[in-house]
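# Architecture at a glance
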Amino acid sequence: PKKMSDVESESESARLKREKEEAIMLAKEAKQAEKDAVIAEREAKKMEKAEAIEQAKQDKLAAIEKAKQDKIDAQKAAKKKVEDDKQAKIDAKNAAIQAAKDEKQAKIDEKQAKIEEKKAAKQAIIDERKAKKEKAKEEKAKKRAE
């Protein structure tokens, strides 16, 4: 038969052994949890990096698209300017042609006015002579009547 102190020391020893094993298990679990945390952190960094790379790709694509649109807009603006310049030249040419026509018509109108003026002057002279003859006839008729 074992003594009481032997039983106590054995259970004490078993308790210590069990506590030691628990402590070792807790230490192992803590170490594993630490490893898991490091791995999770690496994974998170990888994800962040992947997201950053994806965002950079999206930004690059958007910049390329914007550059294409800007180029198209610039080409449209240049084309419109060329068309506007062509139209302005056409308008200027038409205005010059119209101005030349107007000038020619003004000269014709001026010549016509001079011709009309000469006719009117000749007619005035003729009318004046007729009036003098009429007056002379009236004078003669008056004198005869007297």
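Read on for a plain summary of the structure. (Residues numbered from 1 in each chain as written. Predicted model: local features only at pLDDT ≥ 70, side-chain atom pairs only at ≥ 80, totals over all residues. Heavy atoms only, no water.)

## What to know about a positive patch on the surface
- Residues Arg-129, Lys-132, Lys-133 and Lys-137 make up a contiguous surface patch of positive charge.
- Positionally, Lys-132 belongs in helix α1 (residues 4–145).
- For Lys-132, a relative accessible area of 57% puts it in the exposed group. (Patch = residues over 30% accessible without salt bridge, like charges linked within 9 Å, V, L, I, M, F, W, Y side chains within 5 Å. Areas by Shrake-Rupley, 256 points an atom, 1.4 Å probe, with all protein chains shown as cover. Salt bridge = Lys/Arg side-chain N within 4 Å of Asp/Glu carboxyl O. Lys, Arg positive; Asp, Glu negative; His and termini not counted. Charge placed at Lys NZ, Arg CZ, Asp CG, Glu CD. Helix = DSSP H or I, 4+ residues; strand = E, 2+ residues; numbered from the N terminus. Buried < 20%, exposed > 50% of the residue type's maximum accessible area, 1.4 Å probe, protein only.)

## Digging into the pattern of salt bridges
- Under the defined criterion, the tally for this structure stands at seven salt bridges.
- With its nearest N and O atoms 3.7 Å apart, the salt bridge here joins Glu-43 to Lys-46. A residue pair is termed a helical-turn pair when its members lie 3 or 4 positions apart in one helix, as Glu-43 and Lys-46 do in helix α1 at three residues.
- On the basis of relative accessible area, Glu-43 is assigned to the partly exposed category, the value being 41%.
- The exposure class assigned to Lys-46 is exposed, which follows from its relative accessible area of 54%.

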